[in-house]
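# Residue-level structure breakdown
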Amino acid sequence: GRIVAASRHELISTLHEFLTSLLPIGASGVLIIDEAQHLSPTVLEEIRILSNLETNQTKLLQIVLVGQLNLLDVLKQPEQRQLDQRIALRTVLSPLGRLELEAYVMHRLSVAGEMGQLAFDDAALDMVQSASAGIPRLINLICDRGLMIGAQSDARVITAQMIEAAVGSLGLERPRRRFRFSWPGL
């Protein structure tokens with residue numbers, strides 16, 4: 001009940017006190033906001049205000065904005081100039097190459113507890129690469145759906161056909177297959 005009745009100033013003061021209380025133990029606060037490209041200008045302005053929480057020696061709150069590439073466009077808007085100027089580090093996750101994709105899929109399987117009893121064949125990984133364009137979010141969706149399709153038939157190896165079905169069920173554009181043409185007598 002107390003928070004509902006608190007003013008914005010009181011909430012920020014309380015947050016400041018809390019963050020300051022972390023300093024003696026060598027800790028600091030981190031605010032991570034995912035899908036930041038969807039934040040309204042009003043919320044982005046509130047984030048800018050929170051970025052001002054500091055002492056004479058240190059910032060009290062590190063803010064991490066995570067979002068799609070259009071977050072960069074949102075931050076370039078004139079009304080976001082002050083927030084944009086406060087961003088100390090920017091990084092863009094590039095699409096994964098084929099070898100990175102394979103390592104990523106193997107890592108995800110190991111984290112999920114798979115103990116070498118399940119695999120994606122090379123053609124399946126090629127198809128995941130093609131259909132996802134190396135974008136991790138799409139890789140996750142396609143592989144997850146491929147695993148579900150494989151589980152329906154108790155498969156231990158996820159095949160290109162399973163990935164093609166996964167891509168179709170997700171409504172993604174089916175990757176073009178590479179065909180090799182040969183002419184009789186050549």
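What you see is a predicted model, and the numbers here were worked out from it, not measured in a lab. (Residues numbered from 1 in each chain as written. Predicted model: local features only at pLDDT ≥ 70, side-chain atom pairs only at ≥ 80, totals over all residues. Heavy atoms only, no water.)

So, on to the nonpolar core. In a soluble, globular protein the nonpolar side chains are often hidden away together inside. In this structure, V105, F120, V128, I139 and I163 are the most contacted members of the largest nonpolar core, which totals 19 residues. The leading source of residues in this core is helix α7 (residues 122-132), at five residues. If sequence neighbours within four positions are ignored, I163 has contacts with F120, A124, M127, V128, I142, G146 and I158. The next biggest cluster of nonpolar side chains, apart from the first, holds eight residues, and it includes I33, A36, L71 and L83. (Core = buried A, V, L, I, M, F, W, Y, C linked by side-chain atoms within 4.5 Å. Buried < 20%, exposed > 50% of the residue type's maximum accessible area, 1.4 Å probe, protein only. Helix = DSSP H or I, 4+ residues; strand = E, 2+ residues; numbered from the N terminus. Contact = heavy atoms within 4.5 Å.)

Relative to the assigned elements, Q80 resides in the loop between α4 (70-75) and α5 (81-86). Exposure remark for Q80: the relative accessible area of 4% places this residue in the buried category. When neighbours within four sequence positions are excluded, Q80 is seen to be in contact with P41, L44, V74 and L75.

The subject of this paragraph is the packing of α7 against helix α9 (residues 160-169). Where α7 contacts α9, the two axes come as close as 7 Å, and the packing angle between them is 25°. On the basis of their axis angle, the class for α7 and α9 is roughly parallel. Between α7, through A123, A124, M127, V128 and A131, and α9, the contact on the second element is made entirely by A160, I163, E164 and V167. The residue makeup of the contact of α7 with α9, split by class, is eight nonpolar, no polar and one charged. (Axes fitted to C-alpha atoms, helices over the stretch in contact; angles between N-to-C directions. Parallel < 35°, antiparallel > 145°, perpendicular 65-115°, else oblique. Nonpolar A, V, L, I, M, F, W, Y, C, P; charged D, E, K, R; others polar.)

A few words on the pattern of salt bridges. Scanning the entire structure with this criterion turns up eight salt bridges. Among the salt bridges present, the one from R98 reaches E102, with a minimum N-O distance of 2.9 Å. With R98 and E102 both in helix α6 (residues 98-111) and four residues apart, this pair spans about one turn of that helix. Residue classification places R98 among the partly exposed positions, given a relative accessible area of 22%. Residue class for E102 comes out partly exposed when judged on its relative accessible area of 24%. Connected via shared salt-bridge partners are R98, E102, D122 and D126. (Salt bridge = Lys/Arg side-chain N within 4 Å of Asp/Glu carboxyl O.)

Turning our eyes to something else, we now look at helix α3 (residues 41-50). Looking at α3, one finds that the buried residues are L44, I47, R48, I49 and L50. Buried-residue contacts for α3 involve α2 (8-22), β1 (29-33), β2 (61-65), α4 and α5.

What follows concerns the pairing of β2. Across five bridges, β1 lies against β2 in parallel orientation. Counterpart to L31 in the pairing with β2 is I63. At this point the chain moves from β1, through α3, to the parallel β2, and the crossover so formed is right-handed. (Pairing = 2+ DSSP bridges. Right-handed = clockwise from strand over helix to strand, strands pointing away.)

Turning to the packing of helix α8 (residues 136-152) against α9, a few remarks are in order. Between α8 and α9, the least distance of the axes is 8 Å, while the angle of their chain directions is 120°. Viewed along their axes, α8 and α9 adopt a mutual orientation that is oblique. Every pair of crossing elements has a handedness; the one defined by α8 and α9 is right-handed. Across from I142, R145, G146, I149 and G150 in α8, the residues of α9 making contact are M162, I163, A165, A166, V167 and S169. (Left-handed = near helix turned anticlockwise from the far one by under 90°.)

Read these as geometric descriptors, not functional statements.
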